[in-house]
Amino acid sequence: MTGKQVTDERIILAHGGGGESTRQLLSGHVLPKLANELLNPLTDSAVLDVPAGRICLTTDAYTVQPIVFPGGDIGRLAVCGTVNDLAVMGARPIALSLAMVLEEGLDLRTLDAIMDSIASAAKEASVPIATGDTKVVEHARGDGLTITTSGLGLIGDGVSPAMGRVGEGDAILVNGGIAEHGLAVMSAREGLGMETQLLSDVAPLAGLVAVLLESGCDVKFLRDPTRGGLAGVLADLAEGTSMSIEVREADIPLTPIARHMAELLGLDPLTVANEGKLLAVVAADDADKALAAMRDHPLGRSAAVIGSVTDASPPLVELVTRAGGRRIVQRPYGEELPRIC
Amino acid sequence: MDAGRTQRLVEKIHTACEHLESVRLMEVCGTHTVSLFRSGVKSLLPECIKLISGPGCPVCVTSQGYIDAACELAQRDDVTICTYGDMVRVPGRSGSLELQRAGGAKIVVVYSARDALKFAREHPDRKVVFLAIGFETTTPATAGMILEARRLGVGNLFALAAHKLVVPVMEAMLSAGEVPLDGFLCPGHVSVIIGCDAYRDVAGKYGKPCVIAGFEPANMLEGILGLVRQVAEGRSEVENVYPQAVSTRGNPVAAQWVGQVFETSPAIWRAMGEIPSSGLDFRPEYRRFDALEQFDVKTGPDYEPAGCLCGQVIQGKADPSQCTLFAKSCTPVQPVGPCMVSSEGACAAWYKYNRAQS
Ligand code: SF4
């Protein structure tokens, strides 16, 4: 490959130098895809008109290997992750920022594909990328591409999901099959050959949350179980409320392929990461209504009521297994690793 | 899964136990330990059945001396360690491999021996040492890796080998006679490789029923039912409730690979010391892959981390909850011994899934 082609096709340090190369990178590969009223002026900060009320602010840094995985890529992940952090607070996302650290040598076609998926995820979530930044780091110093997104959201009147509102008898719902993101990424990273069958669930949940909030249900608590899986969120809930939780394994959505792969790797699907799952706690009387509302939304077609909050003591998460037995569910330590044999 | 079917099996087990005061069954393998807890099967059994975890968690039975040798190798600038994830966090004399990695040592987690070969081929400038541990389920993969490395002429791949054999340790425990046992729940995946016949002496000579089962809840219940019935009727046979996968003789191809690279040798087991013919060592023709010989390291003495009962736990002499450190200063976040580190370890399974400890 000639030197010219290298500069044409790959990220070089000059792209981060702030000069003409930077301008070309931005105008050729970044800005056209994200164009919107807030971003277009390219001022140092975006200026937003915000109605009176409560605002949510969140930020998250994203690294993932491989940066493109079955069902998504780091760009989609970075948009959805931050949108979801706002959504589970009951907020409607109104603007995101996007900071990208590009590694020297990154293929520009990969960058283009990732910018496309950032744009489409933002569109899906109806949120503009209002401001951003790019930097370039030397080869082997940046994992290809890392992204930080921050998000602003508006919380509607009367909306206040909070752990403190959770009470005995409340129903616990989840919007669909669990463990898919973690298993898809692991499969791609380790070349386990299931990449075509198992896709990450990475998706923006703001629309689904809006539907749920508008359904008139008493929504007490929302969380998107990411790393640590469903187990992590349930453990947080039991700990935070000092109440017990009972969930039924048979009711927790899990596709046969995800179940098979988790079994193969010796992983408990409850502890595997998700990126498009919503756990909702609603008043017991509203369980059916909430379920119907979720199932009406494309991201909630296989939603299910998986369990309830109980006053059993000590406060624990208990799983009624498919076999009819019982065991407790704990927050996993760090990343769960596949077993040896 | 059909909850009705598991229910019926549970009822049969209760019936079979009616006249038995206590039945002490050892699940040899860590995968069974975890599956019995995770599936809730343990909670369905009558009180008279005591399930005891055996020496079948690959990380747990590995001697501390091996961990220390691995850490010593990791400190060499020219060496990259390729290892199964569970090994990374086992504490050794000078910290764990995880700590070494934080200090700059090159440690790569792999999912199979094949990945270590791939890594070695992609990094010809590194000396790659694969931490080859595990039972009959992983030995064929290690042997395959070495045969393939030899065929391809890969000169920078080595194995720190401490593979172990399941049946000799069962027999050693029975000979020692320190743990009263009424039967063994034998691991399906190991048995796929070694076949039913391998347990003949345990059932015949030692008079302990052996039932081979897979890891599905219903299949584990069938295995336990088989054992309880044998105990109740005073029989001692090798029974296979996992016939879809396990044959009488095992897998001849796997046996041939392993036999080409390794020969049976004495092996050091955590807390149990040296057990004759319970491990595998390189055949002379394959010594150039032996990390011990090539790097001139020694596996030091075995010892227990202070206060840790892992050595007792893996022999069924103590339950994890009998360890004074359990769930106090020893947790999955801050493990003291390997039984709390490994996803197959009895202490980790008790901690994660057992309500009683909380
Ligand atoms: S609880 Fe910890 S210290 Fe005690 S035996 Fe288990 S691993 Fe060892």
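Model, not experiment: these values are computed from the prediction.

A. Spotlight on the domain arrangement of chain A. All names here are of chain A. The domain architecture assigned to chain A consists of domain 1 (3–155) and domain 2 (163–329). In this structure, domain 1 and domain 2 have C-alpha centres spaced 28 Å apart. If you look at the interface, domain 1 gives 20 residues, while domain 2 gives 21 residues. Of all residues in domain 1, Pro-70, Asn-84 and Val-88 bury the most surface against domain 2, accounting for 36% of the area lost on that side. Taken together, the connections running from domain 1 to domain 2 amount to zero salt bridges. Elements supplying a minimum of two residues to the side of domain 1 that touches domain 2: helix H3 (74–87) and helix H4 (108–124). Among the elements that take part in the side of domain 1 that touches domain 2, H3 stands out by supplying seven residues, more than any other.

B. Layout of the sheet that holds strand S7 (residues 183–187) of chain B. All names here are of chain B. Taken together, the five strands give an open sheet; going across it, the order is S2-S1-S7-S8-S9, and neighbouring strands pair in parallel fashion. The open sheet has two free edges, formed respectively by strand S2 (49–53) and strand S9 (238–240), since each of these has just one partner strand. The sheet shows a mean angle of 25° between the axes of neighbouring strands, taken without regard to direction. Relative to S7, strand S1 (residues 23–27) is paired through three bridges, and the arrangement is parallel. Bridge assignment links Glu-27 to a residue of S7, and that residue is Leu-185.

C. Spatial organisation of the sheet that holds strand S6 (residues 157–163) of chain B. Residue and element names in this part refer to chain B. Strand order in the open sheet made by the four strands is S4-S3-S5-S6, with parallel pairing throughout. Pairing within the sheet leaves two strands with one partner each, and these edge strands are strand S4 (106–109) and S6. Each adjacent strand pair in this sheet contributes to an overall mean axis angle of 25°, direction not counted. Alignment of strand S3 (residues 79–83) against S4, held across four bridges, turns out to be parallel. The residue of S4 that forms the bridge with Ile-81 is Ile-107. Packing against the sheet, helix H7 (residues 113–122) makes contact with S3, S4, strand S5 (127–134) and S6, and its axis sits at approximately 175° to S5. Across the sheet, helix H8 (residues 139–152) is in contact with S5 and S6; its angle to S6 comes to roughly 155°.

Analysis parameters
Residues numbered from 1 in each chain as written. Chains lettered and ligands numbered in written order. Predicted model: local features only at pLDDT ≥ 70, side-chain atom pairs only at ≥ 80, totals over all residues. Heavy atoms only, no water. Domains from an automatic or database assignment. Contact = heavy atoms within 4.5 Å. Buried area = accessible area lost by both parts, 1.4 Å probe. Salt bridge = Lys/Arg side-chain N within 4 Å of Asp/Glu carboxyl O. Helix = DSSP H or I, 4+ residues; strand = E, 2+ residues; numbered from the N terminus. Pairing = 2+ DSSP bridges. Axes fitted to C-alpha atoms, helices over the stretch in contact; angles between N-to-C directions.

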